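# Tertiary structure, described
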Amino acid sequence: LQSAKSEAVQRLPFGTSVEILLVTKRRFNSTTNHLEETMFVTVKRYPTFFNNELDRLFDTDRVASTTFSPAMDIAEQENEYVLVLETPGVKKEDVKLNVEDNVLTISGERKNHQLPEKASWMRNEISTGGFTRTVKLSKNINAEKISAELNDGVLKIVLPKQEAAKPRTITIN
Amino acid sequence: MQKEINRMFDTFWRGGTLADRSFYEGEFSPAVDIAEEDDQCLVKVELPGVAKDDVKITMEGNLLTISGEKKEQKETKKSNYHSLERSYGSFSRSFTLPTTVQGDKVGAEYKDGVLTINLPKAEEAKRKQIEVKVH
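This text gives an overview of the structure that appears in the document. (Residues numbered from 1 in each chain as written. Chains lettered and ligands numbered in written order. Predicted model: local features only at pLDDT ≥ 70, side-chain atom pairs only at ≥ 80, totals over all residues. Heavy atoms only, no water.)

### Topic: the side chain of Lys121 of chain B
- On the secondary structure map, Lys121 of chain B appears in the segment after β8 (114-120).
- Within the local environment of Lys121 of chain B, its side chain forms a polar contact with the side chain of Glu36 of chain B, the two groups lying 2.9 Å apart. (Helix = DSSP H or I, 4+ residues; strand = E, 2+ residues; numbered from the N terminus. Polar contact = N/O pair within 3.5 Å; in protein donor to acceptor, adjacent residues only side chain to side chain.)

### Some words on the pattern of salt bridges
- Enumeration over the complete set of coordinates arrives at ten salt bridges over all chains.
- As a salt-bridge pair, Arg133 of chain A and Glu85 of chain B come within 2.7 Å of each other at their nearest N and O atoms. Here Arg133 of chain A, found in strand β8 (residues 129-136), pairs with Glu85 of chain B, found in the loop between β5 (80-83) and β6 (89-96), and the two come from separate chains.
- Of the residues examined, Glu85 of chain B reaches a relative accessible area of 6% and is grouped as buried.
- Connected via shared salt-bridge partners are Glu86 of chain A together with Lys70 and Arg86 of chain B. (Salt bridge = Lys/Arg side-chain N within 4 Å of Asp/Glu carboxyl O. Buried < 20%, exposed > 50% of the residue type's maximum accessible area, 1.4 Å probe, protein only.)

### Brief notes about the sheet that holds β8 of chain A
Residue and element names in this part refer to chain A.
- The strand order across the open sheet built from three strands is β5-β6-β8, with neighbouring strands paired in antiparallel fashion. What marks the edges here is a single partner per strand, and that holds for β5 (95-100) and β8. Going from strand to strand, the sheet's axes swing by 15 degrees on average, the running direction of each strand aside.
- Where β5 and strand β6 (residues 103-110) come together, six bridges link them in antiparallel fashion. The residue of β6 that forms the bridge with Leu97 is Ile106. (Pairing = 2+ DSSP bridges. Axes fitted to C-alpha atoms, helices over the stretch in contact; angles between N-to-C directions.)

### Describing the packing of aromatic side chains
- According to the stated counting rule, one finds one aromatic pair over all chains in the structure shown.
- With a centroid separation of 5.5 Å and 85 degrees between ring planes, the pair formed by Phe28 of chain B and Phe91 of chain B is classed as edge-to-face. In this pair, Phe28 of chain B is assigned in the loop between α2 (21-24) and β1 (32-36) and Phe91 of chain B in strand β6, connecting sequence segments 63 residues apart. For the pair Phe28 of chain B and Phe91 of chain B, one class covers both residues: buried.
- Above the plane of the ring of Tyr81 of chain A lies Lys161 of chain A, whose end atom (NZ or CZ) is 5.2 Å from the centre.
- Just above the ring of Phe28 of chain B sits the side chain of Lys70 of chain B; from NZ or CZ to the centre is 4.4 Å. (Phe/Tyr/Trp six-rings, centres within 6.5 Å; stacked < 30°, edge-to-face > 60°. Lys NZ or Arg CZ within 6 Å of the ring centre and 35° of its normal.)

Pasting the structure below:
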């Protein structure tokens, strides 16, 4: 799947996200009266919502390393980008933010729920384990000034734009 | 007829894949853990970014209902979204507990986006040790 992805990425225009999926397709064959199942790998592409050339900054990676992959919003504002991730039950000290080669990596761990002795699960839907999400940063982000806060299970990361990247109005004398 | 069925399946599979944007924007429904212990039931609900006042917990007999609303934060005023994976909306989840609960002793706490509810079992519902004499 990984090699299929990198091949697909190379062939796609910049600003398009790709997801590789294993799909089962079912067709009803009326001659044999049977449902025929075929499995195949498919490439789903969807445009990332960039307004123009300058805005093609982020390319997010949706391939999760484990079952727990926090949902992420990326919003662009006049002077900054805001990343919001949902990480309920994750402690501040268990989250790591790292910027290397213009790639922001948000990783962390949600500890396993300890089941007390003589207890049993009636329902266990909350997934645990490590998670990693990566975001490619544009050069117009001031990596030195990235800040983050974690409140009520919501991780908010603010990435300020470089001075030069901020919109300016030039008055004509 | 065959075409019709094929079309139906096609639509179904297209609609159900992860790449579909509506999948990410779907109604919010929190994940829940329920552990049954000797003297209590412990419930955990994932509610990231939900205000305490927007959650309602009710017990009706053995039926526990957790409902509320996850509101979209309005702080991001003039934003251009490049990715939208979080979902919002009202939710309601109900569970039938295996035993009766002391309704007046139910406790709840909201921390790090997780709601924890302690439901102490009623005295008669606690596991009793029965001694059987063998003659």
